[in-house]
Amino acid sequence: MSLFRNARWSRRDVLKQTGLLSASAAMSPIAASAASVMPGGSASRMLVATGMAADNLYTRIGVRPILNARGTYTIISGSESLPEVKQAMFEASNYYVNMDELMLAVGAEIAQHMGAPMAIVTNGCEAAIALATVACICGTDPELAQSMPYVKTRSQVIIPKYSRNPYDFGVRMCGPEIVEVETDEELRSKINERTAMIYIYSGPRAFKEPLSIKTICAIAREKGVPVFVDAAAEEPVVPNIHLAAGATFVGYSGGKCMRGPQAAGVLLGPKDLCAAAFWNAAPHHNWGRALKVGKEEAMGMLAAVRQWYKRDHEAEQKQWLAWDHFIADALKGIPSLTTEIHPPTEDLSNRAPTMTIRWDAAAVGITGTELVEMLDKGTPRILVGGGEGHRPDAMSSSIEIMPYMMQPGDYKVVADVLGKHLRRPGHFENPPVPAGETAKMAGTWHVSIAYVRGVGVQQFVLQQEGDTVSGEQKGEIFSVPMHGKVEADHVTLKSMMRPGGYYLPYTFTGVVEGNRFSGDVSMGEYGNGTFTAVRG
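Bear in mind the structure is a predicted one, so any value in this text is a computation, not a measurement.

## Things to note about the overall build of the chain
Counting its secondary structure elements, the chain contains 18 helices and 20 strands. For the chain, the spread of C-alpha atoms along the three principal axes comes to 85 × 55 × 50 Å. The buried share among the 536 residues of the chain stands at 45%. Taking as baseline every contact in the chain between residues at least 6 positions apart, the subset at least 24 positions apart corresponds to 59%.

## Looking at the sheet that holds strand 10 (residues 354–360)
In a beta sheet, neighbouring strands pair by backbone hydrogen bonds and run either parallel or antiparallel. With respect to topology, five strands assemble into an open sheet ordered 1-11-12-10-9, the strand pairing being mixed. Edge positions in the open sheet fall to strand 1 (67–69) and strand 9 (338–342), since each of these has one partner strand only. Between one strand and the next, the sheet's axes are offset by a mean angle of 30 degrees, whatever the strand orientation. The pairing of strand 11 (residues 382–390) with strand 12 (residues 394–401) spans four bridges and is classified as antiparallel. Its bridge partner being in strand 12, Glu388 is matched across the sheet by Ser398. Across the sheet, helix 18 (residues 410–423) touches strand 1, strand 10, strand 11 and strand 12, and the angle it forms with strand 1 is around 80 degrees.

## Describing the state of the cysteines
Covalent bonding between the sulfur atoms of two cysteines is what defines a disulfide. Enumeration over the complete set of coordinates arrives at zero disulfides. Here Cys174 stays unpaired: no disulfide links it, and the sulfur of Cys138, its closest cysteine neighbor, is 9.2 Å away. Left without a disulfide partner, Cys274 is nearest to the cysteine sulfur of Cys136, which lies 10 Å away. You can call Cys274 buried: its relative accessible area is 1%.

## Focus on the side chain of Asp100
Its location among the elements puts Asp100 in helix 5 (residues 99–114). Despite its burial, Asp100 remains without a salt bridge, the nearest opposite charge being carried by Arg289 at 9.4 Å. Within the local environment of Asp100, its side chain forms a polar contact with the side chain of His284, the two groups lying 2.7 Å apart.

## A word on the sheet that holds strand 3 (residues 156–160)
Ordered in space as 2-8-7-6-5-3-4, the seven strands form an open sheet in which the pairing is mixed. With partners counted over all chains shown, the strands left at the sheet margins are strand 2 (118–122) and strand 4 (177–181), one partner each. Adjacent strand axes in the sheet meet at a mean angle of 25 degrees when their direction is disregarded. Taken together, the five bridges between strand 3 and strand 4 define a ladder with parallel strand orientation. Bridge pairing links Gln156 to Glu177 in strand 4. Packed on one face of the sheet, helix 6 (residues 125–138) meets strand 2, strand 3, strand 5 (195–201), strand 6 (227–230), strand 7 (249–253) and strand 8 (265–269) and runs near 155 degrees to strand 5.

## A word on the pairing of strand 16 (residues 479–487)
The alternating pattern of strand 16 places Val480, Met482, Gly484 and Val486 on a buried face, while none of Ser479, Pro481, His483, Lys485 and Glu487, on the opposite face, is buried. The pairing of strand 15 (residues 468–474) with strand 16 spans seven bridges and is classified as antiparallel. Paired with Lys474 across the bridge in strand 16 is Ser479. Turn length for the strand 15-strand 16 hairpin, with the two strands adjacent in sequence and antiparallel, is four residues. Across six bridges, strand 16 lies against strand 17 (residues 490–497) in antiparallel orientation. If you follow Met482 over to strand 17, its bridge partner there is Ser495.

## Remarks on the packing of helix 6 against helix 13 (residues 271–279)
Remark: helix 6 packs on helix 13, axes separated minimally by 8 Å, with the N-to-C direction vectors making an angle of 105 degrees. It follows that helix 6 is roughly perpendicular to helix 13 by the angle criterion. Contacts between helix 6 and helix 13 involve Leu131, Ala135 and Cys136 from the former and Leu273, Ala276 and Ala277 from the latter. Looking at the contact of helix 6 with helix 13 residue by residue, the classes come out as six nonpolar, no polar and no charged.

## Some words on unusual backbone geometry
For the bond from Met148 to Pro149, the omega torsion is 0 degrees, close enough to zero to count as cis. By the secondary structure assignment, Pro149 is in the loop between helix 7 (142–147) and strand 3. Positive phi, normally seen in glycine, also occurs at Arg259, with a value near 55 degrees. By the element assignment, Arg259 lies in the loop between strand 7 and strand 8.

Scoring rules and cut-offs
- Residues numbered from 1 in each chain as written.
- Predicted model: local features only at pLDDT ≥ 70, side-chain atom pairs only at ≥ 80, totals over all residues.
- Heavy atoms only, no water.
- Helix = DSSP H or I, 4+ residues; strand = E, 2+ residues; numbered from the N terminus.
- Buried < 20%, exposed > 50% of the residue type's maximum accessible area, 1.4 Å probe, protein only.
- Contact = heavy atoms within 4.5 Å.
- Pairing = 2+ DSSP bridges.
- Axes fitted to C-alpha atoms, helices over the stretch in contact; angles between N-to-C directions.
- Disulfide = S-S within 2.5 Å.
- Lys, Arg positive; Asp, Glu negative; His and termini not counted.
- Salt bridge = Lys/Arg side-chain N within 4 Å of Asp/Glu carboxyl O.
- Polar contact = N/O pair within 3.5 Å; in protein donor to acceptor, adjacent residues only side chain to side chain.
- Parallel < 35°, antiparallel > 145°, perpendicular 65-115°, else oblique.
- Nonpolar A, V, L, I, M, F, W, Y, C, P; charged D, E, K, R; others polar.

And the structure:
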């Protein structure tokens, strides 16, 4: 039964019921091709990969695919979905369904597998955080839902200070006031009639802190406040450790260890709150209309969950370990090079044996940063973790190998390419060292930063001792310490802002001419820009 029995019918609904839509569709040009993949069609219903490494749908639009030896990072498209997931998504694409009915059915089965009262599929764990937050703020009250995010009776979400992180944006985007706490006494005192939810970022620390998941859940239960545990990258063990600790909700990413659709996640929780979370999401016309899960993602996520509890996880761990050893053996004999394999820890996230490769770039001829760049620019394009070491004064180098998302055969490619670069690195020059009189940086600088879109206005208040600079970066909202180095007229300044739950790095590199300092600014994942600073 639909969650929305009394919803108004659209013109399309009427056409469906009268048969006119079906009749017109049968006469459409795409009907014949669609029939070939429907039950009884002549075409195969199994997916076949037609591309090659050097010629595929990505290379044809100028995008270079990646051999992933780094891990399930969203920026490099997460994990490779399982064959069963690909097939389920393809099969799902051949039919129309009522999305309310689909979510109820899919959610019930996922909940059964994962040991929860109920579940819904979301478009990622961040969406699960947001929808759980909104469900706790306004429930299924249509007036409150339509007033989001401006009118809220429950307008606060509590987050332990140690739990702040970049993903609590899922809470912040809903508009509540974030209340940080550090002790159980503080938590008790901060809970009030405006408290909508408590958010916790899972990990080993969340079980060891005095204000642990279990402690928080016990206090929240006394006060009648829901608790969300963000377990995005964790293995979904059964019994669920977070629900057992008293959590109300648990959120998972679908595109990490479960190897489901990259744009999918799972929200576990009580039936009423899961229903409220979905009610606030697409296809419904509420706050979460933008958070749309298609039938393909829903069925792909269900397939991934089914497979998770069938997969031989012990065999997977042994396979990844064997790949690490193969790579390590292939690099033996390289001067100064050592390898260290790190077995999985108690952390349920990213559980795989990683390997650190270390060497002295003075003996080998290539630094970690140079090797990472060579791997990224090479064919095949290989991404690894880390990348430490730079010329001329930090030649101790390293990279990390994460076998988690490598495919069978990838380990041989990685071993071969690493061996080639580390045994025959070619020639690298030390960066040029600027010469001349040391620039004077002390004083107050008025800074204009040209972003890709928009201009930021900041201020640097700096002191200088020899070639060392320190001081304060006064941003438009945040102020933080900064430090740097002067080499003749070339200056590098660095700082680290912490807005909300994340770090925002700034690296300013430029040239000083009297009272003018200009150049480039790098902000990590937030991109690059240019800046001009005037002293006075």
